[in-house]
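Structure at a glance
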Protein chains: 2
Amino acid sequence: MLKKLIKTAKGEVKADLVLKNATYVDVFSGKIAKGDIAICGEKIAGVGEYDGLEEIDCKNLTVLPGYIDGHVHIESSQLSPEGFASLIVPRGTTAIIADPHEITNVCGMAGCEYILKASKSVPLDVMLNLPSCVPATPFETSGAHIDGNETARQIKKDYIFGLGEFMNYPGVLNCDKDVIKKLEAAHAEGKIIDGHAPAVYGKELNAYLCGGIKTDHECVTKAEVEEKISKGMYVHIRHGSSTQNLGNAKYINDKNSRRFILCTDDRHAADLKEKGHIDDALRRLVKDGLDPVTAVTCATLNCAECYNLKWRGGIAPFWLADLVIVDDLKNFNAKYVIKSGKLVAKDGEALFDASKRYLPKSVLNTVNLKELKADDFKISVKGNKVKAMTIEPGGVVTGCEIAEVKNENGDIDVKGTDLLKLAVVERHKMTGNIGKAVFKGYGLKGGAMGITIAHDSHNVILLGDDNEAMAKAANKLKEIGGGMVLVETDGETHYLTLDIAGLMSSCDAEHLQSYSRAIIEEAHGMGVKREYEAFMSLAFLSLAVIPKLKILDTGLFDVEKFSFTPLEAE
Amino acid sequence: MLKKLIKTAKGEVKADLVLKNATYVDVFSGKIAKGDIAICGEKIAGVGEYDGLEEIDCKNLTVLPGYIDGHVHIESSQLSPEGFASLIVPRGTTAIIADPHEITNVCGMAGCEYILKASKSVPLDVMLNLPSCVPATPFETSGAHIDGNETARQIKKDYIFGLGEFMNYPGVLNCDKDVIKKLEAAHAEGKIIDGHAPAVYGKELNAYLCGGIKTDHECVTKAEVEEKISKGMYVHIRHGSSTQNLGNAKYINDKNSRRFILCTDDRHAADLKEKGHIDDALRRLVKDGLDPVTAVTCATLNCAECYNLKWRGGIAPFWLADLVIVDDLKNFNAKYVIKSGKLVAKDGEALFDASKRYLPKSVLNTVNLKELKADDFKISVKGNKVKAMTIEPGGVVTGCEIAEVKNENGDIDVKGTDLLKLAVVERHKMTGNIGKAVFKGYGLKGGAMGITIAHDSHNVILLGDDNEAMAKAANKLKEIGGGMVLVETDGETHYLTLDIAGLMSSCDAEHLQSYSRAIIEEAHGMGVKREYEAFMSLAFLSLAVIPKLKILDTGLFDVEKFSFTPLEAE
């Protein structure tokens with residue numbers, strides 16, 4: 001292999017593929033350069049004047065190293081890894097650092113393994129981090145529990161790249177025993193630990209970093225970016241669907257630029273399909289004034305250096321031939337994508353077969369419920385004042401309002417009011433747990449809706465004004481193995497199947513989008529206000545690490561007090 | 001451990017050591033910053049406001065990460081690793097990438113092991129590369145032979161950091177089978193391969209790099225630096241005693257600076273003692289106009305990144321507390337040096353005990369000769385014209401002149417001429433090989449001189465006008481176990497012992513220098529012209545990879561023709 005590569009470099013044998021007359025980004029010198037790029041097998045053999053068995057004329061095009069997404073939860077696309085790759089590879093992304101936090105909270109290590117194995121059939125390198133927060137909090141019922149000891153066992157495995165974003169920063173600061181075990185286990189194996197430390201500064205940041213944590217994707221202010229960079233962190237510039245901090249690029253300068261990388265974190269299929277992936281981040285960053293070569297370097301070499309991905313992220317002899325050929329450094333439209341030396345996408349279309357699905361039993365039929373009945377959704381309270389949850393459109397922080405309810409026959413009746421019943425039904429261990437609450441101002445009328453994406457334990461979350469419809473919705477979700485459901489009282493039931501762990505669909509991006517649009521439209525038809533994301537806004541009502549009031553399968557939770565709270569208002 | 005570190009970072013417990021009121025170089029942001037630097041155990045816990053069990057007031061001083069020498073042959077100092085450390089650690093160097101090429105050519109793997117074990121008693125991290133060229137050429141007799149198979153066995157060992165400078169670039173270009181084996185073995189273990197490719201450009205450079213070679217310290221022109229950087233190499237800026245390329249720093253700019261690192265390669269004890277080590281390179285670079293923060297970053301973070309030395313080369317929480325506290329960023333005078341959190345040097349003086357010597361038998365008594373007699377140095381030629389070697393003062397490239405000799409009784413007589421007899425006596429395998437040649441213009445009269453440093457196989461190299469004295473010199477070198485010797489015909493014998501492999505002295509730097517000065521003075525007293533380095537100029541007359549004419553134990557070698565050549569001129 002080395003021999004053929006060397007001979008190709010010397011020009012003694014024809015290259016397998018030559019990108020003729022290329023203009024390319026030299027990330028090492030921070031320059032635009034020119035030459036034929038010769039590829040042999042999966043590597044670049046050289047840049048200069050070369051002839052190839054195959055050639056692509058790159059006149060008027062620019063060749064870049066393939067993009068690396070520094071931190072992404074594939075699950076947020078609601079697509080299988082194969083479906084996800086079919087969208088991002090044609091955009092120029094050839095490697096990702098994946099944190100399968102969601103599916104692992106449902107399926108445990110089987111979730112990790114699934115992501116990895118499913119990715120094998122597509123031309124995308126997936127570096128798989130072991131999620132560090134399974135479950136995310138000790139207060140709820142998740143599908144798995146990966147404690148310090150289990151982390152120590154799993155992190156040893158070759159296929160585990162590192163330890164996923166360490167969200168439990170209070171645990172680090174408090175030297176929580178299990179947390180320390182996880183951190184030390186990762187260090188013992190020399191594996192990277194990704195960070196997540198929003199608005200942590202000063203000595204607290206020092207303490208967090210003393211866990212040996214290397215990255216952060218949560219910065220929102222100049223002071224935060226600068227402090228984290230100066231303390232040795234790599235800072236991700238994030239281009240998610242809901243959460244973005246592309247503005248942090250303003251703080252990049254020639255002296256610190258090597259410490260910035262790009263990521264998407266959570267990005268929906270629709271955004272991936274319509275706007276793009278890292279390519280879209282580049283487009284936006286350059287439009288906002290970032291030097292294009294710097295932007296490309298953040299998305300390639302910097303990320304490779306941060307994650308110690310050798311011979312990746314640059315265009316040079318012996319480096320991996322992961323390349324994207326774009327129209328220009330303004331639009332970043334990918335004309336061709338080359339993964340490990342092979343042409344895998346052209347004009348935005350995948351040339352690989354992304355229709356196959358690896359679907360092991362371990363990630364299917366994960367909605368473990370006993371048959372639910374209308375009475376299961378009765379809410380019995382003392383008095384008629386309750387704490388009603390509210391949510392700002394587009395946000396994930398919830399509020400709390402005191403509301404009056406009709407309290408009759410051991411149940412509250414919300415019909416005809418702006419209140420709805422909210423329930424989280426445990427779906428992993430068949431505990432029968434149902435956490436119940438009251439939600440205000442969503443707009444739904446005459447039925448129920450439900451979804452099996454409910455961060456971070458992904459129990460079933462239901463909203464409705466009708467106990468019968470809520471039970472029906474839950475039972476439907478069990479029947480289809482997870483997804484989204486809408487039940488009209490005395491009417492139709494609509495659903496979208498997320499058969500993989502109740503989080504992702506095994507169908508292709510196009511169909512998922514069309515089903516998704518349809519059911520969202522039905523939800524709005526049933527009154528859900530258009531300022532909400534219909535189903536996805538519900539998915540954060542159970543995320544007990546974000547204020548203020550949240551609902552878990554175990555009950556109503558006051559995040560600020562970090563304890564359960566009664567539904568009754570005092 | 002992690003727990004104590006985190007608590008220290010939070011300020012809950014006192015740090016072991018605090019560098020109070022520090023101004024420090026933030027290599028991540030490329031800035032000067034301020035704060036107390038708290039150290040716990042071997043790591044930095046944080047920067048901010050801290051109290052320590054011990055404190056060093058750093059007001060008016062500047063704290064830098066400890067320097068890393070990216071490529072050095074300790075042997076060139078002629079000091080043991082302990083003696084070497086006693087000079088460079090007080091200068092601020094806390095880690096080196098060592099290539100024990102010389103001692104391994106004499107002692108084989110025992111040489112590597114010796115360097116590593118001897119370094120254990122001193123506060124200097126030695127990353128040990130396995131020399132890639134043992135022997136340097138197939139034409140001579142060396143003390144060891146590390147072929148591809150042996151490389152594959154050795155490179156697996158944990159204590160072997162990488163593969164040392166791959167000087168055999170023709171071997172890479174020609175896909176020499178054994179060369180390919182060595183390269184592939186290093187890649188299989190994920191270990192770095194250092195490069196050495198003077199004036200290799202274009203497709204040849206591409207081919208060389210396709211060996212997976214990462215660094216180069218031989219650049220001399222702007223074009224060479226720029227091409228090597230653009231092809232993904234790290235370029236060492238070298239501050240050796242004889243070979244320097246500090247001028248390459250002119251080609252550093254904000255876009256490419258991350259790819260430059262510093263090294264010394266070969267640096268004599270005298271230079272280390274009188275001028276310094278990496279500190280001297282920094283002083284010179286800054287004097288020549290390089291931004292001091294950039295210079296420091298080259299000597300620290302860049303080198304750590306190149307060699308994948310984790311948590312090293314920067315001042316940040318969780319990073320190794322290898323620090324040097326200097327007076328300013330102009331003079332770089334090291335006031336304090338901290339290695340792994342411990343104060344190890346103050347005001348240029350080592351605070352550690354560098355007097356111990358690890359001296360295994362395997363590196364002692366390495367001059368294996370049978371007793372030599374005057375007749376062994378007879379040179380029998382046909383006719384009276386010979387090819388005489390010449391050398392430019394200060395250089396290592398030799399020339400060839402046709403000289404007339406008195407040819408009598410089966411020997412040539414050089415007495416009273418400007419010619420000298422030159423001989424390389426094999427000293428490893430007791431083959432009895434003696435290569436003989438004629439050398440012109442060195443100045444020595446009335447005796448002989450010899451040295452056991454003779455690149456790269458380090459046989460005994462002798463120069464003289466008297467067969468008897470030459471034999472006596474060789475026998476003396478055997479007796480003392482290697483070193484330098486000077487024999488006056490009918491007079492005294494002077495010598496300096498290099499007991500470790502005939503390359504390095506077990507005595508301390510001060511004594512070595514004084515002995516060295518004395519014997520060099522004696523040599524000049526015997527006529528050796530002052531423009532030559534007396535003994536060390538001889539050491540390169542056997543280096544058969546540098547033009548033009550060289551002498552090996554196996555005979556006279558024409559480097560340009562890459563074959564042996566008769567002494568007789570045609």
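Small disclaimer: the values here were computed from a predicted structure and weren't measured. (Residues numbered from 1 in each chain as written. Chains lettered and ligands numbered in written order. Predicted model: local features only at pLDDT ≥ 70, side-chain atom pairs only at ≥ 80, totals over all residues. Heavy atoms only, no water.)

Description of the nonpolar core
- In this structure, Ile103, Tyr208 and Met449 of chain A together with Ile103 and Met449 of chain B are the most contacted members of the largest nonpolar core, which totals 309 residues.
- Ignoring anything within four residues of it in the chain, the contact list for Tyr208 of chain A reads Phe166, Tyr169, Val172, Leu173, Gly195, His196, Ala197, Ile213 and Met233 of chain A. (Core = buried A, V, L, I, M, F, W, Y, C linked by side-chain atoms within 4.5 Å. Buried < 20%, exposed > 50% of the residue type's maximum accessible area, 1.4 Å probe, protein only. Contact = heavy atoms within 4.5 Å.)

Here we look at the confidence of the model for chain A
- This prediction gives chain A a mean pLDDT of 96; 100% of its residues lie at or above 70.
- For this predicted complex, the interface confidence comes out at an ipTM of 0.95, alongside a pTM of 0.96. (pLDDT = per-residue confidence, 0-100.)

A short note on the pairing of strand β14 (residues 323-326) of chain B
Residues and elements named next belong to chain B.
- Neither face of β14 is open: one carries Leu323 and Ile325, the other Val324 and Val326, and all of them are buried.
- Taken together, the 4 bridges between strand β5 (residues 62-65) and β14 define a ladder with antiparallel strand orientation. For Thr62, the partnering residue across the bridge sits in β14 and is Val326.
- Alignment of β14 against strand β15 (residues 334-339), held across 4 bridges, turns out to be antiparallel. (Helix = DSSP H or I, 4+ residues; strand = E, 2+ residues; numbered from the N terminus. Pairing = 2+ DSSP bridges.)

Considering the side chain of Asn302 of chain B
- Here Asn302 of chain B shows up in helix α13 (residues 301-306).
- One polar contact links the side chain of Asn302 of chain B to the main-chain carbonyl oxygen of Ser257 of chain B, over a distance of 2.9 Å.
- Every residue in contact with Asn302 of chain B, bar those within four places of it in the chain, is listed here: Arg258 of chain A together with Tyr234, Ser257, Arg258, Arg259, Phe260, Ile261 and Thr297 of chain B. (Polar contact = N/O pair within 3.5 Å; in protein donor to acceptor, adjacent residues only side chain to side chain.)

Observations regarding the environment of Leu420 of chain B
Residue and element names in this part refer to chain B.
- Looking at where Leu420 falls in the secondary structure, it is placed in strand β22 (residues 419-425).
- On a C-alpha basis, the gap between Leu420 and Leu462 in space is 9.9 Å, while along the polypeptide they are 42 residues apart.
- Sequence-distant contacts of Leu420, defined by excluding residues within four places in its chain, comprise Val414, Ala437, Val438, Phe439, Tyr442, Gly443, Leu444, Leu463, Gly464 and Asp465.

Brief notes about the environment of Cys40 of chain A
All names here are of chain A.
- Residue position: Cys40 is located in strand β2 (residues 31-40).
- For Cys40, a relative accessible area of 1% gives the class buried.
- Once the C-alpha coordinates of Cys40 and Asp375 are considered, the two residues, 335 residues apart in sequence, prove to be 67 Å apart.

Quick notes on the relation of the copies chain A and chain B
- Least-squares fitting of chain A to chain B yields an RMSD of 0.1 Å, with the superposition described by an axial translation of 0.1 Å and a rotation of 180°. The relationship between the two copies is best expressed as a two-fold rotation axis. Relative to the rotation axis, the C-alpha of Asp254 of chain A is the closest in chain A, positioned 2.8 Å from it.
- A share of 100% of the interface residues of chain A reappears at the interface of chain B, consistent with the copies meeting face to face through the same patch. (Least-squares fit on C-alpha atoms with pLDDT ≥ 70 in both.)

Some words on the interface of chain A and chain B
- The interface is formed by 63 residues belonging to chain A together with 63 residues belonging to chain B.
- Of the roughly 4,900 Å² buried at the junction of chain A and chain B (both faces included), carbon and sulfur atoms supply 55%.
- Summed over the three residues of chain A that lose the most area to chain B, namely Cys210, Lys255 and Arg258 of chain A, the buried surface amounts to 15% of that side.
- For the pair chain A and chain B, the interface holds 8 salt bridges.
- For Asp291 of chain A, the salt bridge is made with Lys255 of chain B, and the minimal N-O distance between the two is 3.6 Å.
- Looking at the side of chain A that touches chain B element by element, the count peaks at 7 residues for helix α1 (residues 2-10) of chain A.
- Its residues assigned to classes, the side of chain A that touches chain B comprises 28 nonpolar, 17 polar and 18 charged. (Buried area = accessible area lost by both parts, 1.4 Å probe. Salt bridge = Lys/Arg side-chain N within 4 Å of Asp/Glu carboxyl O. Nonpolar A, V, L, I, M, F, W, Y, C, P; charged D, E, K, R; others polar.)

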